[in-house]
Amino acid sequence: MSDRFLLGHGTENDFVVLPDPDGDRWPEDRLDAALVARLCERRSGLGGDGVLRVVRSRHVPDTPAVLGADLERCEWFMDHRNADGSYAEMCGNGVRLFLHVLVGEGLLDRSACADGVLVGTRGGPRRVGAGPDGTYWVDMGPARPFGRGEATVAGRAFPGQAVSMGNPHLVCLTDADLDALDLTVRPGVDPGLFPEGVNVEFVRVLAADVEGADAHVRLRVHERGVGETRSCGTGACATAYAALAHARPAAESGDDAVRGTVVVDVPGGRLSVDVSAETTVLRGPAVVVATGELTREWLDD
Ligand SMILES: N[C@@H](CCC[C@H](N)C(=O)O)C(=O)O
């Protein structure tokens, strides 16, 4: 049995991708947290911010609970793990790469992608499609604010907006020099607000100087279960919502005024996010870098 893998990224948020259409190559008792962490090791493994298993939804034991009635509509399931082996509900960069791999591996016809296909995730179904310019888009559903919190970095407090994109984020808008922040250490947060942990974004609002955008921001992110990464798609969506909400305080009264297009620069490139009251659409690239096969020597070690 071949233990084939692909390596790829979306704005340099990089993943080990394991094709497992019928769920028999990487069942959960084989792809356990320890093996995920080994695969993601940058020196002794393949290296990555996480693992994406490409599997049909019906072969994953927990999809009936996660997808409910949508199980029938989602042929494919993005089984995402963070680099430490933990599960996450959603991954905005990963799900674009997931679609790119489905097409590249001949598991899905490219013609199906124009209107988007529903992909199952632990956060529920998401519609993902290919744009005419080679980028991919994903309809992430509405951003859901759930309070205000604070992140601490080297003793300095950064107030922020808690936002759920299926997974939890704390978005800290700041005038601080982002390059000076030490994100090698996990920022301190209130565990009461984030019992499952949180992804923390530090965001500088730039001049709205990109054509067609309502706002232009730059972000660095410390991801739950990973550490600092070069990009986070769900983080970009949470950030876009928080930046627009901050610019339009009237939206906090509960009307639908949080809407607009935000260009989000991350260390690994550029993402674009359309926010409306109904949903959030993320756009960005996806790249397959290499394919290969795991050796018996490494697997048996
Ligand atoms: N990088 C991802 C998010 C991956 C999951 C996250 N670390 C979590 O635990 O919630 C993205 O592009 O959205």
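An unreviewed UniProt entry lists the protein chain under the name Diaminopimelate epimerase, with Geodermatophilus maliterrae as the source organism. Recorded under Subunit (unreviewed entry), the UniProt text for the protein chain is reproduced unchanged: "Homodimer." What UniProt records for the protein chain under Subcellular location (unreviewed entry) is the sentence "Cytoplasm".

**A look at the nonpolar core**
Inside soluble globular proteins, nonpolar side chains tend to come together where they are buried. Core analysis: the biggest nonpolar cluster contains 82 residues, and Val17, Phe98, Cys237, Ala240, Tyr241, Val262 and Val264 have the highest contact counts within it. With nine residues, helix 4 (residues 233-247) is the largest single contributor of residues to this core. Counting contributing residues per domain, this core is built from domain 1 (4-140 + 286-296) and domain 2 (144-278), each supplying no fewer than three. Once residues lying within four places of it in the same chain are set aside, the contact partners of Cys237 are Gly92, Met140, Ala143, Met165, Val273, Thr280 and Leu282.

**Digging into the domain arrangement of the protein chain**
Here the protein chain is described as being made up of domain 1 (4-140 + 286-296) and domain 2 (144-278). Centre-to-centre separation of domain 1 and domain 2, based on C-alpha positions: 24 Å. Facing 19 residues of domain 1, the contacting portion of domain 2 comprises 18 residues. Of the residues belonging to the side of domain 1 that touches domain 2, the class tally is five nonpolar, ten polar and four charged.

**Section: the pairing of strand 10 (residues 168-173)**
Among the six residues in strand 10, six count as buried, and that is most of the element. With burial as the criterion, each face of strand 10 is covered, one bearing Pro168, Leu170 and Cys172 and the other bearing His169, Val171 and Leu173. Relative to strand 10, strand 9 (residues 156-164) is paired through four bridges, and the arrangement is antiparallel. Along strand 10, the bridge assignment pairs Ala162 with Leu170. The hairpin turn running from strand 9 into strand 10, its antiparallel successor, is three residues long, and Gly166 in that turn takes a positive phi close to 100 degrees. Inspection of the sheet shows strand 10 paired to strand 11 (residues 199-206) by five bridges, in the parallel sense. Bridged to His169 within strand 11 is Asn199.

**A look at the site of the ligand**
Close to the ligand lie 17 residues; Ala88, Asn93, Asn167, Gly233 and Thr234 are nearest. When the residues that make up the shell around the ligand are grouped by side-chain class, the tally is four nonpolar, eleven polar and two charged. For the shell around the ligand, the domains that each give at least three residues are domain 1 (4-140 + 286-296) and domain 2 (144-278).

**Focus on the environment of Phe77**
Relative to the helices and strands, Phe77 resides in strand 4 (residues 76-82). Sequence separation between Phe77 and Arg218 is 141 residues; the distance between their C-alpha atoms is 31 Å. Leaving out residues up to four positions away in the same chain, Phe77 has contacts with Val55, Arg56, Ser57, Val60, Thr63 and Gly120.

Thresholds applied
- Residues numbered from 1 in each chain as written.
- Predicted model: local features only at pLDDT ≥ 70, side-chain atom pairs only at ≥ 80, totals over all residues.
- UniProt positions renumbered as here; feature names shortened; annotations may be inferred.
- Core = buried A, V, L, I, M, F, W, Y, C linked by C-beta atoms within 7 Å.
- Buried ≥ 20, exposed ≤ 12 C-beta atoms within 10 Å, placed from the backbone.
- Helix = DSSP H or I, 4+ residues; strand = E, 2+ residues; numbered from the N terminus.
- Domains from an automatic or database assignment.
- Contact = placed C-beta atoms within 7 Å.
- Nonpolar A, V, L, I, M, F, W, Y, C, P; charged D, E, K, R; others polar.
- Pairing = 2+ DSSP bridges.
- Near = placed C-beta within 6 Å.

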